[in-house]
Amino acid sequence: MSRLREVLGVEVPIVLGPFGGLSSVGLTAAVSEAGGLGSFGLYGYAAERIRDTVASLRAATDKTIAVNLWMPRGDEVTPDDVDLQRYVDAAGDLFARAGISRPEAPRAFIPPVAEQLEAVFDARPDVLSVVFGVPDAATLATARELGIRVIGTATSVDEARALDAAGVDAIVATGMEAGGHRVSFLRDASASLVGTFALVPQVVDAVGVPVIAAGGIADRRGVAAAFALGAEGVQVGTAFLRTRQSAATPAHREAIASASDTTTVLTTAMSGRLARGVPNDAVRAIEESGEIAPFPAQNWLTGVFRQAAAARGDAELLSLWAGQAAGLARLNDAADVLAELRAGLPL
């Protein structure tokens, strides 16, 4: 446990899961202020917004902070690569329900990761975590020069070995129980569905850097189990997503509060990549249509009606990301969640 605390520069080896699109400065700062590692997901953020976000985090806390980026997996499409109108038409009823017109194709779906990385390095957070891949040697070298620690994310032992060989400072071993996207990069996500209980000890045995367990951890019992498996820290998402400090809508928080062990499903409907969440009308309609655009086109498309639905409070059109332990997410304040998790740490 002390090794990870030293690597990350935190008092408590508990990491806030970085929510792409659902992060808030308030929640990130609250976790860091309580001694953990507050993380902020930067998916889709342009360079200037990244700089502004890190500045806001620095203004909110002087403790250690992390930001998260999605690495390019190589299968991402651009607006020129896909017949977008086909998928827009298939989702026509969802746009109508959200009370908005069908969107026109954008110039780009997501900013180039090179520009995002440049902005991160300019802003200099304490920690950079990545998903969906291995940072290249130049990225890792720049991070080291700037004193930024790098955390990689693995859904299999082979992915963990690849991250360890590249030279990351720590590895999140994320089991299939976790909410949100399955961040596999060596094999298809559907072929990398390893549970946390099986994954963590095998990753611990395979790598030399500290391992952070993620997936299915929502209270002190999950933390204790993770450390018994050899983890030196835990990453928790859903339990924090339910709190009042998160950027989740009240409807999303209610969906987590009412979830049970069998509530969540894995689906590609909302983004084009496999992710775990609470199914709703949007998920069912898209799956029934069979018209799911490749990533990130589908994520952009659903994002248009999701934004409108959030403003209207319509949970049936949102991405209700949540993990299988959502039924254990019972606390409404981030400090209370961290205190509960901290109680599971070994003495």
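Please refer to the structure higher up on the page.
Residues numbered from 1 in each chain as written. Predicted model: local features only at pLDDT ≥ 70, side-chain atom pairs only at ≥ 80, totals over all residues. Heavy atoms only, no water.

(A) How the structure looks around the side chain of threonine 238. Within the secondary structure, threonine 238 is located in helix 11 (residues 238-241). Looking at threonine 238, its side chain comes within polar contact range of the main-chain nitrogen of glycine 323, at 2.9 Å. If we skip the residues at most four places from it in the chain, threonine 238 touches Ile256, Ala322, Gly323, Ala326 and Ala329. (Helix = DSSP H or I, 4+ residues; strand = E, 2+ residues; numbered from the N terminus. Polar contact = N/O pair within 3.5 Å; in protein donor to acceptor, adjacent residues only side chain to side chain. Contact = heavy atoms within 4.5 Å.)

(B) Inspection of the nonpolar core at higher detail. The biggest cluster of nonpolar side chains holds 97 residues, and the ones touching the most others in it are Phe240 and Phe305. Broken down by element, this core gets its largest block of residues, six residues, from helix 14 (residues 297-312). When sequence neighbours within four positions are dropped, the list of residues in contact with phenylalanine 240 reads Leu16, Phe19, Leu27, Val31, Ser246, Ala334, Val337, Leu338 and Leu341. In this structure, Leu8, Val10, Val15 and Leu37 belong to the second largest nonpolar core, which totals twelve residues. (Core = buried A, V, L, I, M, F, W, Y, C linked by side-chain atoms within 4.5 Å. Buried < 20%, exposed > 50% of the residue type's maximum accessible area, 1.4 Å probe, protein only.)

(C) Geometry of helix 7 (residues 137-146). Of the positions making up helix 7, those classed as buried are Thr139, Leu140 and Ala143. Seen along its axis, helix 7 keeps its buried residues to an arc of 95°; they face one direction. Of the residues in helix 7, the exposed ones pointing more than 90 degrees away from the buried face are Ala137, Ala138 and Glu145. Structurally, helix 7 contributes buried residues whose contacts are with helix 6 (113-123), strand 5 (149-154) and helix 8 (157-166). Phi turns positive one or two residues past the end of helix 7, at glycine 147, with a value near 75°. (Arc of directions from axis to C-beta.)

(D) The sheet that holds strand 2 (residues 38-41), seen in detail. The eight strands are arranged 1-9-8-6-5-4-3-2 in an open sheet whose pairing can be described as parallel. Each of the sheet's edge strands pairs with one partner strand only, and the pair in question is strand 1 (14-16) and strand 2. Across this sheet, the average inter-strand angle for adjacent strands is 25°, counted without regard to direction. Pairing of strand 2 with strand 3 (residues 65-70), which is carried by four bridges, proceeds in the parallel orientation. Counterpart to serine 39 in the pairing with strand 3 is alanine 66. (Pairing = 2+ DSSP bridges. Axes fitted to C-alpha atoms, helices over the stretch in contact; angles between N-to-C directions.)

(E) Broad picture of the environment of isoleucine 256. Residue placement: isoleucine 256 occurs in helix 12 (residues 250-257). Along the backbone, isoleucine 256 and alanine 123 are 133 residues apart, and their C-alpha atoms lie at a distance of 33 Å.

(F) Representation of unusual backbone geometry. Along the chain, phenylalanine 295 connects to proline 296 via a cis peptide bond; the corresponding omega equals 0°. Position of proline 296 among the secondary structure elements: in the loop between helix 13 (281-289) and helix 14. A positive phi angle is found at arginine 124, which is not glycine, with a value near 55°. Within the secondary structure, arginine 124 is located in the loop between helix 6 and strand 4 (127-131).

Taken by themselves, the reported measurements are silent on function.
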